[in-house]
Amino acid sequence: MGLRLGDRVSLLNSHRTGILRYCGTTLFAGGIWAGCELDMAEGKNDGTVDGVTYFTCAKNHGEQRKGEDIFLIKYQSRPSPLLRIDRQWADDLVSEVNN
């Protein structure tokens, strides 16, 4: 997929964006799936599907999609006030800048 956990992503055929939290196989369907923590409560779950937890996030912020339906957000011209800052990403960025 060319993505890493923690990447900012966009979902195919959707206005929804979020953070990639899981990538791999699942028990609910074959193939490679991506689990995203969405910025807004527009998802289907909290990272758990059919009793199996693939990642954790707030209720209705989680969604699993086929790997080919997830795209990396390379940049934004200006930050959106609707986007929630991922704390681990921010801490990693500060650490890189300071080293």
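Residues numbered from 1 in each chain as written. Predicted model: local features only at pLDDT ≥ 70, side-chain atom pairs only at ≥ 80, totals over all residues. Heavy atoms only, no water.

1. Digging into the overall build of the protein chain
Here's step 1: A tally of regular secondary structure across the protein chain gives 1 helix and 7 strands.
Here's step 2: Each helix and strand of the protein chain, ordered N terminal to C terminal, gives the series β-β-β-β-β-β-β-α.
Here's step 3: Across the protein chain, every contact between residues at least 6 apart in sequence was considered, and the portion connecting residues at least 24 apart equals 43%. (Helix = DSSP H or I, 4+ residues; strand = E, 2+ residues; numbered from the N terminus. Contact = heavy atoms within 4.5 Å.)

2. Here's the deal with the state of the cysteines
Here's step 1: Following the criterion strictly, the structure yields 0 disulfides and no others.
Here's step 2: Cysteine 23 takes part in no disulfide bond, and the closest cysteine sulfur to it belongs to cysteine 36, at a distance of 9.3 Å. (Disulfide = S-S within 2.5 Å.)

3. What to know about the environment of glutamate 37
Here's step 1: Take glutamate 37: it is sitting in strand β3 (residues 33–38).
Here's step 2: Judged by relative accessible area, which is 10%, glutamate 37 ranks as buried.
Here's step 3: Counting along the chain gives 20 residues from glutamate 37 to threonine 17, while the straight-line C-alpha distance between them is 8.4 Å.
Here's step 4: Here the side chain of glutamate 37 touches arginine 21 through a polar contact of 2.7 Å, side chain to side chain. (Buried < 20%, exposed > 50% of the residue type's maximum accessible area, 1.4 Å probe, protein only. Polar contact = N/O pair within 3.5 Å; in protein donor to acceptor, adjacent residues only side chain to side chain.)

4. Focus on unusual backbone geometry
Here's step 1: Its identity is not glycine, yet asparagine 13 carries a phi of approximately 55°, on the positive side.
Here's step 2: Position of asparagine 13 relative to the elements: it lies in the loop between β1 (8–11) and β2 (17–24).
Here's step 3: Its identity is not glycine, yet asparagine 60 carries a phi of approximately 65°, on the positive side.
Here's step 4: Note that asparagine 60 resides in the loop between β5 (52–53) and β6 (62–66).

5. Some details on the pattern of salt bridges
Here's step 1: Inspection of the entire model under this criterion finds 4 salt bridges.
Here's step 2: For arginine 8, the salt bridge is made with aspartate 39, and the minimal N-O distance between the two is 2.9 Å. Taken together, the residues arginine 8 in strand β1 and aspartate 39 in the loop between β3 and β4 (48–49) connect sequence positions 31 residues apart.
Here's step 3: By relative accessible area, which is 9% here, aspartate 39 ends up buried.
Here's step 4: Note that arginine 16 and glutamate 63 form a salt bridge whose closest N and O atoms lie 2.7 Å from each other. With arginine 16 in the loop between β1 and β2 and glutamate 63 in strand β6, this residue pair connects regions lying 47 residues apart in the sequence. Comparing arginine 16 with glutamate 63 shows no difference in burial state: the two are buried.
Here's step 5: Salt bridges here are not isolated pairs; linked through shared partners, they connect Arg16, Glu63 and Arg65. (Salt bridge = Lys/Arg side-chain N within 4 Å of Asp/Glu carboxyl O.)

Honestly, it's all geometry; don't read function into it.
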